[in-house]
Amino acid sequence: MTRSGVPSGFSDASFTGFLAVELKFTSGTLRLWNGYGDLTVDGQTYTGGGNLINVSAIEERAEIGAKGVSMTLSGVSSSILATALTENYQYKEANIFIGTIASGTVSSYKVFSGRMDVMTINEEGETCAISLTAESRLIDLERSRVRRWTSEDQKQIDSTDKAFEFINSLQEAAIKWGG
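Summarised in this report is the structure supplied together with it. Keep in mind that what you see is a predicted model, and the values were worked out from it rather than measured.

### Description of the pattern of salt bridges
A full pass over the atoms with the stated rule returns 2 salt bridges. In this structure, Arg-31 engages Glu-22 in a salt bridge whose closest nitrogen and oxygen atoms are separated by 3.0 Å. Per residue, the accessibility class of Arg-31 equals that of Glu-22, and both read buried.

### Some points on the packing of aromatic side chains
Overall, the coordinates contain 2 aromatic pairs when judged by the stated rule. Between Tyr-46 and Phe-97, the aromatic rings sit 6.5 Å apart at their centres with planes inclined by 75°, giving edge-to-face as the arrangement. Taken together, the residues span a long stretch of sequence, with Tyr-46 in strand β4 (residues 44-48) and Phe-97 in strand β7 (residues 93-102) at a distance of 51 residues. Among the residues examined, Phe-97 registers a relative accessible area of 12% and is labelled buried.

### A word on the environment of Ser-103
Tracing the backbone through its elements, the reader meets Ser-103 in the loop between β7 and β8 (105-124). On the basis of relative accessibility, which here comes to 76%, the residue Ser-103 falls in the exposed class. Distance from Ser-103 to Thr-16, taken between C-alpha atoms, is 9.5 Å for residues 87 residues apart in sequence.

Rules of the game
Residues numbered from 1 in each chain as written. Predicted model: local features only at pLDDT ≥ 70, side-chain atom pairs only at ≥ 80, totals over all residues. Heavy atoms only, no water. Salt bridge = Lys/Arg side-chain N within 4 Å of Asp/Glu carboxyl O. Buried < 20%, exposed > 50% of the residue type's maximum accessible area, 1.4 Å probe, protein only. Phe/Tyr/Trp six-rings, centres within 6.5 Å; stacked < 30°, edge-to-face > 60°. Helix = DSSP H or I, 4+ residues; strand = E, 2+ residues; numbered from the N terminus.

If you want it as structure tokens, here you go:
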């Protein structure tokens, strides 16, 4: 019996499992999987990273809470390092999939979706290792939202918005309603 959403290949007697990572940077989307060559999953091409890709355990618990994950890409060339150093990555989308290749059919299931948080780069001569942590979208529930219903606060969102401009003058205004 297979659960809804779980790759159908897991119920086969023989299959090849894989892990795929999708990172949506400002300059474009990076898609890698832990095999060799290219793999097409749901119409998207993932580049093989072989055993150079490592993903930490993905936690799931009964209680609601924000869980993070860590990804490491080893053996990265210095040219990719330059891009990693200049790329705007924080709060960009990160997805992790597990999947199967069974009888030539590729199926996948998203096991993590979140936002990129902290990137650590460890240079080792000609190559380097890039570690990236990502936080679940539930982390937003833990962030405080400090908003004031004032004209100044509203203008931080839209400088042309005048919705709260006359709030102070309305505080003590006597308004006749009806006839």
